[in-house]
Amino acid sequence: MSASKEQWEQLGKALTSNAEALSVLDIGNEEGQTFTNLTKNFQFLIDHSFVDGHNSTGIHATKILDDMSLNLSLVEARRSQVEDIQDWFERLQIHIDRYLDKDQKERQGEVLKDIKKSVVIMKGDLKQETENLQYLVRTEFGYVDSLSQKLIENKYYSRRTTKLVKQITFMTAGELLKMACGDTLIWRILDGLENSINSIVNDLGEIISQLDNMMWSFKKKNERARLLWAIDKHIKNGEAILDVELDEEELMDSPFNVKAKGKITAFIDIDSENLSDQLVNVVENLPNKDVKELISVLANKVGVYDEDGSKEKIIKKKDNPFLKHRKEFFKKSLEGRICASQYWDSNGDMDLPFESWLIWIHRNILSMNTKSIENAHLNVVKDDFDQFDGVIIIRDLSIDSYKQKRVA
Amino acid sequence: MPDMTDFRQVLNILQDGQMICNVTHPNEFNSLREGMEKDVENAFKPFEINLTFKYGLYYLSYANLNNKTDLTVTRDEFKKIRDDIEPVIAFLIIIMKTEVDGSPLSPGDIINYDYLLKIINSENSYQVDLENIMRIKAFSSQKTQLNNADMLNRVLDVIKDKGYICLKNKSKQIYSVTGKIRYFYEVSEFIKQHHGISTEDTIDEKEQEEMLV
């Protein structure tokens, strides 16, 4: 050490004689503090940068003094209230043996008083320790100023509390009963101790569980803090962030698979056996009123609609305007390849939307069970159908006449 | 059946691309937790959109990206989130620096504008940080000659617009951190893995612990 013995002594004196003032200094206090009772050797602390400022304008604690203060409070906080339980228990045993010793009858009253006092002190210490631990948990080790230090404190107190629980649960009712050797007075004292221990063990159990939760939380925070610092460094080093195009699979499994604001477009599996149910589900659940109305118009024509805005589905089976087109479409399809849109362009009714025809004819094909149709191959083209504002369906379909002919 | 007004509200929020957490939408969040999940899932199922519950948040995601439009939209969203990284990191770093123990923000944490401004004003290095942050495109402002209060206002406004904080008390300018911050940490984790960024510190915690215990 480069400081001389004399300097250390001067520092000691300066600290001792100004302890009262130093204990109220605060590093975060911008204005500083002024005092009326500083001793002469306070100047030593200013000269050696333990504090700065002037007593006329205000004195501040420097980082050195703050670190010293932190270390002192750490040690203070860590000092256990409870003496070694094993030692205490052995000493209690000696006291009780002495009390029960018939040769020392004349000192019995005095020894009993010592036993009572010792038990009362132990109960008080355990209670105090529990309260201290509860305070530390409640303040999340507020006296330390970094996450890694909090983690260290948390680990230390978890171990200390667990050890304490182990030690005090050693004092079971059986052990204490054995210790009392059938003496009613002693048993009454020890029985009171046992009751306190049970309640303290419960409190300590709760503290251990809170410390475990805090440990998880500190670890998580610490990891996140490191992560943010590391990415910040990466950016400041001029490195690019995710300057890549992710493929479908990467996007699907990444946190970027988020549906952004915008239209929702349904792609309905037209090969599904439950197509009509799916459509009804879309209609029923869409919050967008316009879409509901649009579908309702379509559905009315194809047989599914939402009557009076209620949830009921009614299948309208009569007056189907598409019926007359069915046979013709099948015929033309099997003669030569023609798709639903081509058919509708040349043969459809002008006042009926193509989409309604498309849905109807598809449902119709699905519902038929003839050999020729079973072997027909549906070519379906899907699209996002902007004009549908949120729904959609099939762009077109055709029956593969080539395949049909081959099978036939 | 869920209450239709609540149900519609939840669908509208999700469809609007917002995330539902217990800070931004406490009622809707509780409704989802208490059984509305299934109904919402069913409502979006025909669209091949999933209701996702991750990081303490509800949001919509794609069940697949087979469709070109969905893929394009997701790629655009990816770029948007990527562009948020630098400003949000810069903001989180300055908040961590001003925290006593250097903790990063968590959902539900409170940001008090006045208090934060006081801390920034008290330390030169924080003021420099704030000035540096303002050079990031996302925070740039048409106003010139901004003081610390203006700059902090601008930063908080931008972060609020991005959904990471929400205003809890307008007159006192008290903000609450939303659940989306956890989503951001997940994105950060993805970045770390993608770029192989190391988070190892020079401090050996074990050694430090042994010294203290």
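Residues numbered from 1 in each chain as written. Chains lettered and ligands numbered in written order. Predicted model: local features only at pLDDT ≥ 70, side-chain atom pairs only at ≥ 80, totals over all residues. Heavy atoms only, no water.

Enquirer: An account of the packing of helix α4 (residues 113-122) of chain B against helix α6 (residues 148-161) of chain B is requested, with residue identities and associated values reported.
Expert: All names here are of chain B. For the pair α4 and α6, the least separation of the axes is 10 Å and the interaxial angle reads 130°. Between α4 and α6, the angle is such that the two are oblique. Between α4 and α6 lies a crossing of right-handed hand. Taken together, the residues of α6 that come into contact with α4 (itself represented by Tyr 113, Leu 116, Leu 117, Ile 120 and Asn 121) are Asn 148, Ala 149, Leu 152, Asn 153 and Leu 156. (Axes fitted to C-alpha atoms, helices over the stretch in contact; angles between N-to-C directions. Helix = DSSP H or I, 4+ residues; strand = E, 2+ residues; numbered from the N terminus. Parallel < 35°, antiparallel > 145°, perpendicular 65-115°, else oblique. Left-handed = near helix turned anticlockwise from the far one by under 90°. Contact = heavy atoms within 4.5 Å.)

Enquirer: Describe the interface of chain A and chain B, listing the residues and the values that go with them.
Expert: Each partner contributes to the interface: chain A provides 59 residues, whereas chain B provides 72 residues. Between chain A and chain B, a total of about 6300 Å² is buried, with carbon and sulfur atoms accounting for 66% of that surface. For the pair chain A and chain B, the number of links is two salt bridges. Of the charged contacts in the structure, one is a salt bridge between Lys150(A) and Asp101(B), with a shortest N-O distance of 2.8 Å. (Buried area = accessible area lost by both parts, 1.4 Å probe. Salt bridge = Lys/Arg side-chain N within 4 Å of Asp/Glu carboxyl O.)

Enquirer: Give a detailed account of a negative patch on the surface, specifying residues and quantitative values.
Expert: Where like charges cluster on the molecular surface, the negative patch consists of Asp247(A), Glu248(A), Glu249(A), Glu250(A) and Asp253(A). Mapped onto the elements, Glu248(A) comes out in helix α10 (residues 248-253). (Patch = residues over 30% accessible without salt bridge, like charges linked within 9 Å, V, L, I, M, F, W, Y side chains within 5 Å. Areas by Shrake-Rupley, 256 points an atom, 1.4 Å probe, with all protein chains shown as cover. Lys, Arg positive; Asp, Glu negative; His and termini not counted. Charge placed at Lys NZ, Arg CZ, Asp CG, Glu CD.)

Enquirer: Lay out the environment of Val144(A) with the relevant residues and their values.
Expert: Following the sequence through the fold, Val144(A) ends up in the loop between α6 (108-138) and α7 (147-169). A sequence separation of 74 residues divides Val144(A) from Leu70(A), and the C-alpha atoms of the two residues are 7.3 Å apart.

Enquirer: An account of the nonpolar core is needed here, citing residue identities and associated values.
Expert: Core analysis: the biggest nonpolar cluster contains 126 residues, and Ile168(A), Leu190(A), Phe256(A), Val40(B), Ile85(B) and Ile111(B) have the highest contact counts within it. It is helix α9 (residues 184-236) of chain A that provides the largest number of residues to this core, a total of 20 residues. Excluding anything up to four places from it in sequence, Ile111(B) contacts Phe91(B), Ile95(B), Leu105(B), Leu116(B), Leu156(B), Ile165(B), Gln173(B), Ile174(B), Tyr175(B) and Val177(B). (Core = buried A, V, L, I, M, F, W, Y, C linked by side-chain atoms within 4.5 Å. Buried < 20%, exposed > 50% of the residue type's maximum accessible area, 1.4 Å probe, protein only.)

Enquirer: I'd like a rundown of the sheet that holds strand β4 (residues 165-169) of chain B, residues and numbers included.
Expert: Strand-to-strand pairing in sheets goes through backbone hydrogen bonds, with the strands running parallel or antiparallel. Residues and elements named next belong to chain B. Read from one edge to the other, the open sheet built from three strands follows the order β3-β5-β4, with strand pairing classed as antiparallel. What marks the edges here is a single partner per strand, and that holds for β3 (110-112) and β4. Each strand axis lies, on average, 35° off the axis of its neighbour in the sheet, ignoring direction. Two elements, β4 and strand β5 (residues 174-177), share four bridges in a ladder whose sense is antiparallel. If you follow Cys 166 over to β5, its bridge partner there is Ser 176. Seen against the sheet, α6 touches β3, β4 and β5 and runs at an angle of roughly 115° to β4. (Pairing = 2+ DSSP bridges.)

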